[in-house]
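Summary of the model geometry
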Amino acid sequence: MRLSILFPTLVAASAAVVLAAGSDSEGGTAAPAAPVRPVTTEQAFSETRAYVTFPARPLESYAGLAEALVQADVVGIRTIDIVNQPLRTEYELRVADCYFGDVDSTVRVQVAGGRTDTRSFIVEGAPNLVLGAQGVFFLGGRTEGDALSFLGLSRGCYAVHSHGGVVQVSGGEHAAAATPLDQFVVSAIDARELFLSKEVR
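Below: a short report on this structure. Keep in mind the model is a prediction, meaning the values are calculated, not measured. (Residues numbered from 1 in each chain as written. Predicted model: local features only at pLDDT ≥ 70, side-chain atom pairs only at ≥ 80, totals over all residues. Heavy atoms only, no water.)

L93, F137, L139 and F150 are the most contacted members of the largest nonpolar core, which totals 24 residues. Secondary structure elements with two or more residues in this core: β3 (45–53), β4 (68–80), β5 (88–100), β6 (106–112), β8 (119–124) and β9 (134–140). Per element, the largest residue contribution to this core is four residues, and it comes from β4. Apart from residues no more than four positions distant in its own chain, L139 is found in contact with A66, E67, A68, V70, V103, V107, V109, L148, S149, F150 and L151. Judged by nonpolar contacts, the second largest core, of 18 residues, contains A63, A66, V136 and V185. (Core = buried A, V, L, I, M, F, W, Y, C linked by side-chain atoms within 4.5 Å. Buried < 20%, exposed > 50% of the residue type's maximum accessible area, 1.4 Å probe, protein only. Helix = DSSP H or I, 4+ residues; strand = E, 2+ residues; numbered from the N terminus. Contact = heavy atoms within 4.5 Å.)

Written as structure tokens, this is what we have:
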């Protein structure tokens, strides 16, 4: 994985106070001071972008390295904002099916990137999920706070939808075209078994 971060851009509105007073050159009475304008301050906003590059991986690699493969709904999203640390986004997933691995009925998954009122950290290649989204996810190892991760970032995330009464997945690295969910899951399980069989040799 290669990570490159561009210099952050900073946009801020400066506050200004204008005071004006006049006096004549011969020490006469000073002219009335101009009214003081109220100070207006806008909080600075910074934006940082990072580009994450993953080499292409076969399905066998995703299935073999994943902690779990689940079908789940996004039921919660929050931004983790810690001073002097990059922003992170935490997704709460409600698991409908776990095809392999061992996870709870609700899991927390963290990914680099996020946005607050004062700053944003945009990671190109990271999933950008919304509440209510349904997907199939290859879950990776634990991150900070004992949360799981998305293996391969968005490449390990697949949207779930129904077409003509058939539940399909699309997206990710191995379902550019819509693929029946059952077929995809069977392929992933077979790929995992193949990967693990090589590991024990």
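Now that the structure has been shown, the text picks up again.
Moving on to the side chain of T116. Considering the arrangement of structural elements, one finds T116 in the loop between β7 (114–115) and β8. Apart from residues no more than four positions distant in its own chain, T116 is found in contact with F45, T79, D81 and L87.

The next point concerns the side chain of S170. Relative to the helices and strands, S170 resides in strand β12 (residues 166–171). Within the structure, S170 has its side chain in polar contact with the side chain of H161 (distance 3.1 Å). Among residues more than four places away in sequence, those in contact with S170 are Y158, A159, H161, A175 and A178. (Polar contact = N/O pair within 3.5 Å; in protein donor to acceptor, adjacent residues only side chain to side chain.)

Moving on: the pattern of salt bridges. By the definition in use, this model includes eight salt bridges. Between R49 and E47 there is a salt bridge whose closest N-O contact spans 3.4 Å. For R119, the salt bridge identified is with D81, shortest N-O distance 2.5 Å. Highlighted residues: R119 in strand β8 and D81 in the loop between β4 and β5, separated in sequence by 38 residues. (Salt bridge = Lys/Arg side-chain N within 4 Å of Asp/Glu carboxyl O.)

Using the criterion set out here, one finds six aromatic pairs in the structure. Judged by centre distance (5.5 Å) and plane angle (45°), the ring pair of F137 and F150 falls under tilted. Of this pair, F137 sits in strand β9 while F150 sits in strand β10 (residues 149–150), and the two are 13 residues apart along the sequence. F150 shares its class with F137; the two are buried. Geometrically, the ring pair formed by Y158 and F184 is tilted, given 4.7 Å between the ring centres and 50° between the ring planes. Pair noted here: Y158 is in strand β11 (residues 157–163) and F184 is in helix α2 (residues 181–199), with a separation of 26 residues, a long-range link. Looking at Y158, the relative accessible area reads 1%, which means it is buried. (Phe/Tyr/Trp six-rings, centres within 6.5 Å; stacked < 30°, edge-to-face > 60°.)

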